[in-house]
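Single-letter residue listing:
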Amino acid sequence: MCGIVGYIGPKNSLPILLEGLRRLEYRGYDSAGVALIHDGKLEVHKKAGKVADLVASMKGTHASAQLGIGHTRWATHGEPNDVNAHPHWDCKHEIAIIHNGIIENYVALKIKLQKDGHTIRTVTDTEILVHLIEEMYKRSHDLFTAVRLALLEVEGAYGILVISTKEPDRIIAARKGSPLVIGIGDDESLVASDAAALVDHTRQVIYLEDGQVACLTADSVTIKTIHDQEIIKQVEEITFDLEQIEKGGYEHFMLKEIHEQPTSILNSMRGRLLLQEGTAKLGGLEPVMDKLLAAKRFIITACGTSWHAALAGKYMIEQLTGIPVEVDYASEFRYRNPVVQPGDVVFVISQSGETADTLAALREAQSKGATVLGIVNVVGSTIARATDAGVFIHAGPEIGVASTKAFTSQLSVLALISLLLARHRGMSKEQGITIARDLQSVPEKIEKVLTQIDQIKYIAEEFKHAQNFIYLGRGINFPTALEGALKLKEISYIHAEGYPAAEMKHGPIALIDENMPVVFIVPKDAIYDKVLSNIQEVRARKGRIIAIANEDDTEIGNLSDFVVRVPRTLSYFGPIVNSIPLQLLAYYMAVARGCNVDQPRNLAKSVTVE
Ligand code: M6R
């Protein structure tokens, strides 16, 4: 996620902002910028790339200001370039804003503001907000009020800082869905998206809550709700160390990212899942909607975890739309002279957007005349730019090498695409609403799975010396089994295989004895009984059974050695929920074995070689 830092006080703010931004670098970002108020003028410096690039670009400038805000941007709307980098400013170059989050109704606001005479210079959602604040300032002549009034018109998520040359003694901060913490120093105030940027200056903090707006001067902090009610907040003391803060208090980035999934999935669906209409709205696909609707088949290509998401996507799309889907490893697709017919639509899935094999598959498909669409996390990445259109998954930066939150966000975007296509192909509104409601409940269900950690730790302790694991699932949970096995292999170095449960008897069953742990993904769906038979086959050979089963399953306890309970979902979305305990199992196994979880041996986060 993007990083935010702001300072007001007697010191020169620039070095404080730059150091704060460096402290936030671990979050991942693609551009950086600062806005300062100096001699009554707004001074903005911003640059694509790293904080070091920003510093280099500022050489020769002697900015010295006692009020400033700084930002590291992780692009969501618009490429990561100098222009789209934050801060953004209003028409008169008096008000500056930095923003984390997504303004969902920015298109409607933009049209209105343009009609009112505002000149919009970038394609970002953030710039719209600063023009809206400018408009509200005309009415209220008070920055605190103007920000509040503007936020009343905004849908979406935000953590923002706003400054103005008209009121150079204050920073206005507001949050909804994106964290902000205020630091109280000696005659100075700071504010940041993460306490990591504050701890060098103060340990006295106030955590802003959703729906609150704060006005910071050097020696005061006033907090109101966006509806103008004053709030009295406790000052708290930060007791943890820097290393802990950067990981949000988690021991590893992977664990932090596993826990982020209720939010990252919500972000992937934000403004896109239309509950009332029982469908989805995906702006990135609108230009190619005619091609999508005319397609006789889809091809999805990807690598690793993204390939597992593709395979689950095949089940979703085929079951909901009836359109056939082929799934191919990108590394195979690129060299096997694939049959691509006129009218075929090819999806490429990539978290990083830089995977060499996926990029080559994309080019191969394009050279054969296919429409190629991306499902990508990193905005501005090579794959995102090379595709004809697509959907960003908005999972936020994924730092742990083992992909977790990107996987579940890829699945939720595939679910949205399936729902959208299904509605266009005759699915009734009622059925669409049922599906949309279930999809919307997924983040809440994941929260419930995350309460099972003690049970998962216990299982990990029990099996930490195992040398092999088998993962079995059927239907759409076959890809879940593959993904569970991959996670375990990657970070704990235990040999693990994923299979369709019924395939076991065609070979892998020879491996089953009292030393073999077998993980079954066994939700109460249409093939539940079939999977129970497969469990019996393992039991008969004394295999040790770990079941991922629904909360209301009363049979499974008698058939398994260990059970992790997961809430029920419609089968299409099962992998999103069922993969969470498998991520946690892999994580705790790796920790129990003393492995380097975030940087496992031999692996890179982004595989840019063949
Ligand atoms: O960035 P991509 O999604 O294109 O990466 C594809 C694979 O390299 C990646 O998913 C890899 O398998 C991960 N380490 C899985 O945890």
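Above this note sits the structure.
If you're wondering where the values come from, they're calculated on a predicted model, not measured in any experiment. (Residues numbered from 1 in each chain as written. Predicted model: local features only at pLDDT ≥ 70, side-chain atom pairs only at ≥ 80, totals over all residues. Heavy atoms only, no water.)

### Details of the pairing of strand β4 (residues 67-73)
Across the seven residues of β4, seven count as buried, placing the element largely inside the fold. Burial of β4 is two-sided: the residues Leu 67, Ile 69, His 71 and Arg 73 facing one way and the residues Gly 68, Gly 70 and Thr 72 facing the other way are all buried. Here strand β1 (residues 3-8) runs beside β4; their pairing, made up of six bridges, is antiparallel. Following the sheet pairing, Ile 4 is matched in β4 by His 71. As judged from the seven bridges shared by strand β2 (residues 31-38) and β4, these two strands associate in the antiparallel manner. Paired with Gly 33 across the bridge in β4 is His 71. (Buried < 20%, exposed > 50% of the residue type's maximum accessible area, 1.4 Å probe, protein only. Helix = DSSP H or I, 4+ residues; strand = E, 2+ residues; numbered from the N terminus. Pairing = 2+ DSSP bridges.)

### Remarks on the pairing of strand β25 (residues 517-522)
Taking burial as the measure, the six residues of β25 include six buried ones, the bulk of the element. The side-chain alternation of β25 yields two buried faces, one formed by Pro 517, Val 519 and Ile 521 and the other by Val 518, Phe 520 and Val 522. Where strand β23 (residues 468-473) lies against β25, three bridges are found, and the strand directions are parallel. Each residue of the ladder has a partner; that of Ile 470, found in β25, is Val 518. Here six bridges tie β25 to strand β26 (residues 544-550), and the two strands are oriented parallel to one another. Considered in β26, the bridge of Val 518 is made with Ile 545. Following the backbone out of β25, through helix α19 (residues 528-540) and into the adjacent parallel β26, one traces a crossover that is right-handed. (Right-handed = clockwise from strand over helix to strand, strands pointing away.)

### Focus: the site of the ligand
What surrounds the ligand is a group of 14 residues, the closest being Ser 306, Ser 350, Ser 352, Thr 355 and Glu 490. One of the backbone N or O atoms of Ser 403 is found 2.8 Å from an oxygen atom in the ligand. In isolation the ligand exposes 410 Å². Once the protein is present, 92% of that is buried. It is helix α10 (residues 304-321) that provides the largest number of residues to the shell around the ligand, a total of three residues. Among the residues forming the shell around the ligand, the class breakdown is four nonpolar, eight polar and two charged. (Near = heavy atom within 4 Å. Polar contact = N/O pair within 3.5 Å; in protein donor to acceptor, adjacent residues only side chain to side chain. Areas by Shrake-Rupley, 256 points an atom, 1.4 Å probe, with all protein chains shown as cover. Nonpolar A, V, L, I, M, F, W, Y, C, P; charged D, E, K, R; others polar.)

### Details of helix α12 (residues 356-367)
Two residues of an α-helix separated by three or four positions point the same way, owing to the 3.6 residues in each turn. The end-to-end C-alpha distance of α12, which contains twelve residues, comes to 16 Å, matching closely the 16 Å that a straight helix rising 1.5 Å per residue would cover. The buried fraction of α12 amounts to nine of the twelve residues, a majority that puts the element mostly inside the structure. If you check which residues of α12 are buried, you get Ala 356, Asp 357, Thr 358, Leu 359, Ala 360, Ala 361, Leu 362, Glu 364 and Ala 365. The inward-facing, buried residues of α12 contact β18 (298-302), α11 (330-333), β20 (345-350), β21 (371-376) and α13 (382-386). (Expected span 1.5 Å × (residues − 1). Contact = heavy atoms within 4.5 Å.)

### Remarks on the sheet that holds strand β24 (residues 495-500)
Here we have five strands laid out as an open sheet, ordered β24-β23-β25-β26-β27, and parallel in their pairing. Of all strands in the sheet, those with a lone pairing partner are β24 and β27 (562-566), marking the two edges. Put simply, the sheet's adjacent strands are angled 20° from each other on average, direction ignored. In this fold helix α17 (residues 453-463) packs onto β23, β25, β26 and β27, with an angle of close to 150° to the strand it touches most, β27. (Axes fitted to C-alpha atoms, helices over the stretch in contact; angles between N-to-C directions.)

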